[in-house]
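So you can see what is in the structure, the chains are spelled out below.
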Amino acid sequence: MTDKDSFMVFSGTATRYLAEKICASLGCKLGNLQITTFSDGEFAVSYEESIRGRDVFLVQSTFPNSDNLMELLLMIDAAKRASARQIIAVMPYFGWARQDRKDKPRVSIGAKLVADLLGVAGIDRLITMDLHADQIQGFFDVPVDHLYGSGVILPYLASLNLENLVIASPDVGGAKRAKSFAKYLDCPLVLCNKTRARANVIESMQIIGDVKDKDVVIVDDMVDTAGTITKAADIMKEAGARTVRACASHCVMSGPASQRVQESALEEIVFTDSIPYANRCAKVKQLSVADMFAETIRRVICNESISNQYLV
(Lines give C-alpha, C1' and ligand atoms only; values in the text may rest on other atoms or scores of the structure.)
Protein backbone atom coordinates (compact mmCIF):
# COMPACT_ATOMS: atom_id res chain seq x y z
CA MET A 1 0.00 0.00 0.00
CA THR A 2 1.09 3.56 -0.66
CA ASP A 3 0.31 6.73 1.25
CA LYS A 4 -1.53 8.79 -1.37
CA ASP A 5 -0.70 11.98 0.53
CA SER A 6 3.06 11.43 0.20
CA PHE A 7 3.29 11.67 -3.59
CA MET A 8 1.68 13.43 -6.54
CA VAL A 9 1.67 12.67 -10.27
CA PHE A 10 1.67 15.40 -12.90
CA SER A 11 1.79 15.23 -16.67
CA GLY A 12 3.14 17.28 -19.50
CA THR A 13 0.92 18.07 -22.47
CA ALA A 14 1.90 15.26 -24.81
CA THR A 15 1.85 12.35 -22.35
CA ARG A 16 -1.35 13.09 -20.47
CA TYR A 17 -3.07 10.06 -22.08
CA LEU A 18 -0.55 7.74 -20.39
CA ALA A 19 -0.36 9.67 -17.10
CA GLU A 20 -4.14 9.32 -16.68
CA LYS A 21 -3.86 5.53 -17.08
CA ILE A 22 -0.94 5.43 -14.62
CA CYS A 23 -2.98 7.36 -12.06
CA ALA A 24 -5.96 5.04 -12.57
CA SER A 25 -3.68 2.08 -11.88
CA LEU A 26 -2.25 3.77 -8.76
CA GLY A 27 -5.68 4.82 -7.53
CA CYS A 28 -4.76 8.50 -7.30
CA LYS A 29 -5.79 11.64 -9.14
CA LEU A 30 -3.67 13.41 -11.71
CA GLY A 31 -2.24 16.64 -10.30
CA ASN A 32 -3.42 20.05 -11.49
CA LEU A 33 -0.75 21.64 -13.68
CA GLN A 34 -1.28 24.64 -15.92
CA ILE A 35 0.81 25.31 -19.02
CA THR A 36 0.34 28.73 -20.59
CA THR A 37 1.48 29.29 -24.17
CA PHE A 38 2.28 32.77 -25.44
CA SER A 39 1.75 33.95 -29.00
CA ASP A 40 5.43 33.59 -29.88
CA GLY A 41 5.46 29.92 -28.84
CA GLU A 42 7.07 30.44 -25.42
CA PHE A 43 5.27 28.72 -22.57
CA ALA A 44 5.17 28.87 -18.77
CA VAL A 45 4.40 26.17 -16.19
CA SER A 46 2.61 26.54 -12.84
CA TYR A 47 1.38 24.02 -10.27
CA GLU A 48 -2.18 24.87 -9.23
CA GLU A 49 -1.93 23.05 -5.88
CA SER A 50 0.68 22.77 -3.14
CA ILE A 51 3.46 20.22 -3.68
CA ARG A 52 5.58 21.22 -0.68
CA GLY A 53 7.22 18.18 0.91
CA ARG A 54 5.76 15.73 -1.64
CA ASP A 55 7.45 13.21 -3.92
CA VAL A 56 6.52 14.56 -7.36
CA PHE A 57 6.40 12.26 -10.39
CA LEU A 58 6.47 14.13 -13.72
CA VAL A 59 5.29 12.03 -16.66
CA GLN A 60 6.59 13.28 -20.00
CA SER A 61 8.04 11.57 -23.05
CA THR A 62 10.08 13.75 -25.39
CA PHE A 63 8.30 13.59 -28.73
CA PRO A 64 8.37 15.73 -30.81
CA ASN A 65 11.58 16.24 -28.97
CA SER A 66 12.33 19.92 -28.36
CA ASP A 67 9.06 21.40 -27.04
CA ASN A 68 8.30 18.46 -24.78
CA LEU A 69 11.80 18.42 -23.32
CA MET A 70 11.62 22.15 -22.58
CA GLU A 71 8.20 21.67 -21.02
CA LEU A 72 9.60 18.92 -18.78
CA LEU A 73 12.57 21.07 -17.76
CA LEU A 74 10.22 23.89 -16.73
CA MET A 75 8.06 21.41 -14.79
CA ILE A 76 11.17 20.20 -12.92
CA ASP A 77 12.36 23.74 -12.18
CA ALA A 78 8.94 24.84 -10.97
CA ALA A 79 8.68 21.78 -8.69
CA LYS A 80 12.11 22.48 -7.22
CA ARG A 81 11.19 26.09 -6.51
CA ALA A 82 7.88 24.97 -4.97
CA SER A 83 9.78 22.87 -2.36
CA ALA A 84 8.93 19.37 -3.61
CA ARG A 85 10.69 16.75 -1.47
CA GLN A 86 11.82 14.64 -4.44
CA ILE A 87 11.40 15.16 -8.18
CA ILE A 88 11.20 12.02 -10.29
CA ALA A 89 11.08 12.35 -14.08
CA VAL A 90 9.05 9.56 -15.69
CA MET A 91 10.09 9.45 -19.35
CA PRO A 92 8.62 6.40 -21.13
CA TYR A 93 10.40 7.56 -24.29
CA PHE A 94 13.77 9.30 -23.88
CA GLY A 95 14.49 11.43 -26.97
CA TRP A 96 18.02 11.89 -28.35
CA ALA A 97 18.98 8.39 -27.14
CA ARG A 98 20.33 7.55 -30.59
CA GLN A 99 23.01 10.23 -30.10
CA ASP A 100 24.89 8.27 -27.46
CA ARG A 101 28.48 8.53 -28.79
CA LYS A 102 30.70 10.30 -31.31
CA ASP A 103 30.35 8.05 -34.35
CA LYS A 104 32.08 10.60 -36.60
CA PRO A 105 34.13 13.76 -36.05
CA ARG A 106 32.63 17.04 -34.82
CA VAL A 107 29.21 15.80 -33.64
CA SER A 108 27.44 16.24 -30.30
CA ILE A 109 26.50 13.51 -27.84
CA GLY A 110 22.87 14.55 -27.51
CA ALA A 111 21.92 11.91 -24.93
CA LYS A 112 24.58 13.16 -22.51
CA LEU A 113 23.51 16.78 -23.04
CA VAL A 114 19.87 15.92 -22.22
CA ALA A 115 21.01 13.99 -19.12
CA ASP A 116 22.95 17.06 -17.98
CA LEU A 117 19.96 19.34 -18.60
CA LEU A 118 17.67 17.12 -16.53
CA GLY A 119 20.25 16.93 -13.74
CA VAL A 120 20.82 20.69 -13.61
CA ALA A 121 17.06 21.32 -13.70
CA GLY A 122 16.83 19.28 -10.50
CA ILE A 123 15.63 15.68 -10.89
CA ASP A 124 16.39 13.24 -8.07
CA ARG A 125 15.60 10.10 -10.10
CA LEU A 126 14.70 9.02 -13.63
CA ILE A 127 12.27 6.28 -14.62
CA THR A 128 12.49 5.44 -18.31
CA MET A 129 12.06 2.53 -20.71
CA ASP A 130 14.14 0.87 -23.42
CA LEU A 131 16.91 3.37 -23.92
CA HIS A 132 18.49 3.00 -27.35
CA ALA A 133 21.75 2.12 -25.57
CA ASP A 134 21.91 0.82 -21.99
CA GLN A 135 25.06 2.81 -21.22
CA ILE A 136 23.04 6.06 -21.32
CA GLN A 137 22.13 5.26 -17.70
CA GLY A 138 25.73 6.15 -16.86
CA PHE A 139 25.25 9.67 -18.24
CA PHE A 140 23.16 10.50 -15.15
CA ASP A 141 24.39 11.32 -11.64
CA VAL A 142 21.04 10.27 -10.13
CA PRO A 143 19.45 6.79 -9.88
CA VAL A 144 17.93 5.49 -13.12
CA ASP A 145 15.18 2.86 -13.16
CA HIS A 146 15.42 1.38 -16.66
CA LEU A 147 12.31 -0.61 -17.60
CA TYR A 148 11.78 -2.83 -20.63
CA GLY A 149 8.80 -3.00 -22.97
CA SER A 150 9.39 -6.75 -23.13
CA GLY A 151 7.37 -6.91 -19.91
CA VAL A 152 4.18 -6.42 -21.96
CA ILE A 153 5.37 -7.51 -25.43
CA LEU A 154 6.67 -10.99 -24.52
CA PRO A 155 3.39 -12.19 -22.96
CA TYR A 156 1.57 -11.03 -26.09
CA LEU A 157 3.97 -12.89 -28.40
CA ALA A 158 3.65 -16.03 -26.28
CA SER A 159 -0.16 -15.79 -26.53
CA LEU A 160 0.03 -16.03 -30.34
CA ASN A 161 1.19 -19.68 -30.05
CA LEU A 162 3.20 -19.51 -33.28
CA GLU A 163 4.32 -23.02 -34.23
CA ASN A 164 7.63 -22.30 -35.95
CA LEU A 165 8.63 -19.13 -34.17
CA VAL A 166 11.94 -17.45 -34.99
CA ILE A 167 13.13 -14.17 -33.45
CA ALA A 168 15.05 -11.80 -35.72
CA SER A 169 17.11 -8.68 -35.17
CA PRO A 170 16.93 -6.06 -37.96
CA ASP A 171 20.63 -5.24 -37.43
CA VAL A 172 23.68 -6.59 -35.62
CA GLY A 173 23.42 -3.85 -32.98
CA GLY A 174 20.09 -5.25 -31.76
CA ALA A 175 21.38 -8.82 -31.43
CA LYS A 176 21.52 -8.73 -27.63
CA ARG A 177 17.89 -7.62 -27.35
CA ALA A 178 16.71 -10.23 -29.87
CA LYS A 179 18.76 -12.96 -28.16
CA SER A 180 16.99 -12.30 -24.85
CA PHE A 181 13.60 -12.60 -26.59
CA ALA A 182 14.67 -15.86 -28.26
CA LYS A 183 15.88 -17.27 -24.94
CA TYR A 184 12.63 -16.39 -23.13
CA LEU A 185 10.47 -17.85 -25.93
CA ASP A 186 12.84 -20.83 -26.41
CA CYS A 187 13.21 -20.41 -30.16
CA PRO A 188 15.98 -19.82 -32.76
CA LEU A 189 17.54 -16.45 -33.57
CA VAL A 190 18.41 -14.94 -36.95
CA LEU A 191 20.13 -11.65 -37.76
CA CYS A 192 20.01 -9.07 -40.52
CA ASN A 193 23.23 -7.40 -41.59
CA LYS A 194 22.54 -3.95 -43.01
CA THR A 195 24.62 -1.10 -44.34
CA ARG A 196 23.35 2.47 -44.53
CA ALA A 197 23.97 4.98 -47.30
CA ARG A 198 23.07 7.75 -44.78
CA ALA A 199 20.71 8.28 -41.83
CA ASN A 200 17.30 6.62 -42.43
CA VAL A 201 18.46 5.24 -45.81
CA ILE A 202 19.48 1.56 -46.16
CA GLU A 203 21.93 0.55 -48.86
CA SER A 204 21.83 -3.25 -48.51
CA MET A 205 20.62 -6.02 -46.16
CA GLN A 206 21.36 -9.75 -45.85
CA ILE A 207 19.80 -12.44 -43.63
CA ILE A 208 22.07 -14.54 -41.41
CA GLY A 209 20.11 -17.70 -40.53
CA ASP A 210 17.21 -19.83 -41.81
CA VAL A 211 13.68 -18.40 -42.04
CA LYS A 212 12.12 -20.80 -44.57
CA ASP A 213 8.61 -21.87 -43.45
CA LYS A 214 9.11 -19.99 -40.15
CA ASP A 215 6.93 -17.51 -38.28
CA VAL A 216 9.36 -14.62 -37.88
CA VAL A 217 9.12 -11.86 -35.28
CA ILE A 218 11.52 -8.94 -35.81
CA VAL A 219 12.51 -7.24 -32.53
CA ASP A 220 13.71 -3.63 -32.21
CA ASP A 221 13.68 -0.82 -29.64
CA MET A 222 11.99 1.79 -31.85
CA VAL A 223 10.59 2.24 -35.34
CA ASP A 224 11.14 5.68 -36.87
CA THR A 225 10.65 5.80 -40.65
CA ALA A 226 10.09 2.00 -40.76
CA GLY A 227 12.60 1.62 -43.60
CA THR A 228 14.71 -1.01 -41.82
CA ILE A 229 11.85 -3.06 -40.37
CA THR A 230 9.82 -3.21 -43.59
CA LYS A 231 12.84 -4.03 -45.75
CA ALA A 232 13.77 -6.82 -43.33
CA ALA A 233 10.21 -8.16 -43.45
CA ASP A 234 10.12 -8.12 -47.26
CA ILE A 235 13.51 -9.87 -47.52
CA MET A 236 12.45 -12.55 -45.04
CA LYS A 237 9.22 -13.15 -46.92
CA GLU A 238 11.19 -13.53 -50.13
CA ALA A 239 13.46 -16.03 -48.32
CA GLY A 240 10.47 -18.25 -47.59
CA ALA A 241 9.17 -17.08 -44.21
CA ARG A 242 5.58 -18.17 -43.62
CA THR A 243 4.62 -15.06 -41.64
CA VAL A 244 6.54 -11.97 -40.54
CA ARG A 245 5.66 -9.77 -37.57
CA ALA A 246 7.56 -7.03 -35.78
CA CYS A 247 7.60 -5.55 -32.30
CA ALA A 248 9.29 -2.52 -30.80
CA SER A 249 8.91 -0.48 -27.64
CA HIS A 250 8.67 3.00 -29.14
CA CYS A 251 6.21 3.93 -31.89
CA VAL A 252 8.02 6.93 -33.37
CA MET A 253 6.54 6.17 -36.84
CA SER A 254 7.52 9.41 -38.56
CA GLY A 255 7.20 10.49 -42.19
CA PRO A 256 6.26 7.63 -44.55
CA ALA A 257 6.35 4.96 -41.82
CA SER A 258 2.63 4.16 -41.70
CA GLN A 259 2.37 3.76 -45.47
CA ARG A 260 5.50 1.60 -45.56
CA VAL A 261 4.15 -0.70 -42.86
CA GLN A 262 0.77 -0.95 -44.59
CA GLU A 263 2.36 -1.88 -47.92
CA SER A 264 4.98 -4.26 -46.46
CA ALA A 265 4.96 -8.02 -45.92
CA LEU A 266 4.35 -7.52 -42.19
CA GLU A 267 1.30 -9.24 -40.71
CA GLU A 268 1.32 -6.79 -37.80
CA ILE A 269 3.66 -4.57 -35.81
CA VAL A 270 3.32 -4.34 -32.03
CA PHE A 271 4.35 -1.32 -29.94
CA THR A 272 3.88 -0.07 -26.40
CA ASP A 273 2.01 3.20 -25.83
CA SER A 274 5.13 5.11 -24.70
CA ILE A 275 4.37 7.37 -27.67
CA PRO A 276 0.82 7.99 -28.92
CA TYR A 277 0.08 6.87 -32.46
CA ALA A 278 -2.27 9.17 -34.35
CA ASN A 279 -1.86 7.96 -37.95
CA ARG A 280 -4.06 4.92 -38.02
CA CYS A 281 -2.63 1.83 -39.72
CA ALA A 282 -4.52 -1.47 -39.57
CA LYS A 283 -1.30 -3.40 -38.96
CA VAL A 284 -0.27 -1.42 -35.85
CA LYS A 285 -1.18 -2.71 -32.39
CA GLN A 286 -0.30 -0.91 -29.13
CA LEU A 287 0.02 -2.49 -25.67
CA SER A 288 -0.17 -0.26 -22.60
CA VAL A 289 2.76 0.09 -20.19
CA ALA A 290 0.70 2.14 -17.71
CA ASP A 291 0.43 -0.68 -15.15
CA MET A 292 4.17 -1.37 -15.40
CA PHE A 293 5.05 2.28 -14.74
CA ALA A 294 2.45 2.54 -11.99
CA GLU A 295 3.91 -0.49 -10.22
CA THR A 296 7.41 0.96 -10.54
CA ILE A 297 6.24 4.26 -9.05
CA ARG A 298 4.60 2.37 -6.19
CA ARG A 299 7.81 0.46 -5.49
CA VAL A 300 9.92 3.62 -5.61
CA ILE A 301 7.61 5.24 -3.06
CA CYS A 302 7.76 2.15 -0.82
CA ASN A 303 11.53 1.64 -1.30
CA GLU A 304 10.97 -1.83 -2.79
CA SER A 305 13.04 -3.61 -5.44
CA ILE A 306 11.85 -3.39 -9.05
CA SER A 307 14.09 -6.18 -10.39
CA ASN A 308 11.39 -8.85 -10.49
CA GLN A 309 9.46 -6.74 -13.02
CA TYR A 310 12.03 -7.76 -15.64
CA LEU A 311 11.08 -10.80 -17.73
CA VAL A 312 14.41 -10.84 -19.58
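Residues numbered from 1 in each chain as written. Predicted model: local features only at pLDDT ≥ 70, side-chain atom pairs only at ≥ 80, totals over all residues. Heavy atoms only, no water.

1. Details of the overall build of the chain
Note the following rule: Strands are runs of DSSP state E lasting at least two residues, helices are runs of H or I lasting at least four, and both sets are numbered from the N terminus onward. As defined in this context, the radius of gyration uses C-alpha atoms, and a globule is described by 2.2 Å times the residue total to the power 0.38. Only protein chains enter the accessibility calculation, which uses a 1.4 Å probe; a residue is then buried when its area is under 20% of its type maximum, exposed when over 50%, and partly exposed in between. Surface exposure here means Shrake-Rupley accessible area, sampled with a 1.4 Å probe, where a residue is shielded only by the protein chains that are shown. The charged-residue count follows a simple rule in which Lys and Arg add positive charge and Asp and Glu add negative charge, with His and chain termini not counted at all. Lys charges are placed at NZ, Arg charges at CZ, Asp charges at CG and Glu charges at CD.
Each helix and strand counted, the chain has eight helices and 14 strands in total. Here the C-alpha atoms of the chain give a radius of gyration of 20 Å, agreeing with the 20 Å that 2.2 N^0.38 yields for 312 residues. In terms of overall dimensions, the chain has a C-alpha envelope of 60 × 45 × 35 Å along the principal axes. Buried residues in the chain amount to 52% of all 312 residues. Counting only carbon and sulfur atoms, one obtains 48% of the accessible surface of the chain, whose full area is about 14300 Å². Each charge class in the chain can be summarised by its mean position, and for the 35 positive and 38 negative side chains these summaries are 3 Å apart.

2. Some thoughts on the nonpolar core
Formally: For this analysis, a nonpolar core means a set of buried residues of the types Ala, Val, Leu, Ile, Met, Phe, Trp, Tyr and Cys, connected via side-chain atoms within 4.5 Å.
Judged by nonpolar contacts, the single largest core of 34 residues is most densely connected at Tyr47, Leu58, Phe94, Leu118, Ile136 and Phe140. Put simply, the parts of the chain that give this core at least two residues each are strand S1 (7-11), strand S3 (43-47), strand S4 (55-59), helix H2 (65-81), strand S5 (86-91) and helix H3 (110-121). Of all the elements, H2 adds the most residues to this core, at seven residues.

3. Topic: the sheet that holds S5
Test applied: Two strands are counted as paired when DSSP detects at least two bridges linking them. Axis geometry follows a simple rule: fit a line to the C-alpha atoms, using only the stretch in contact for helices, then measure angles between N-to-C directions, giving values from 0 to 180 degrees. Two residues qualify as a contact provided that any one of their heavy atoms is within 4.5 Å of a heavy atom in the partner residue.
The parallel open sheet is built from five strands, whose spatial order is S1-S4-S5-S6-S7. The outermost strands of the open sheet, each flanked by one partner alone, are S1 and strand S7 (144-147). Neighbour-to-neighbour, the strand axes of this sheet turn through a mean angle of 15°, independent of strand direction. Two elements, S5 and strand S6 (residues 125-129), share four bridges in a ladder whose sense is parallel. Its bridge partner lying in S6, Met91 is registered against Thr128. Its contacts with the sheet place helix H1 (residues 16-26) against S1 and S4, and it is angled at close to 155° to S1.

4. Observations regarding H3
Test applied: To estimate how far a helix should extend, the number of its residues minus one is multiplied by 1.5 Å.
Given a rise of 1.5 Å per residue, 12 residues ought to cover 16 Å, and the 16 Å separating the end C-alpha atoms of H3 matches this to within 8%. Lining the buried residues of H3 we find H2 and S5. With its phi angle positive at about 130°, Gly122 sits one or two positions after the end of H3.

5. Quick notes on the environment of Val9
Among the structural elements, Val9 can be located in strand S1. Considering only alpha carbons, one finds Val9 and Thr230, 221 residues apart in sequence, at a separation of 38 Å. Every residue in contact with Val9, bar those within four places of it in the chain, is listed here: Cys23, Leu26, Cys28, Lys29, Leu30, Gly31, Phe57 and Val59.

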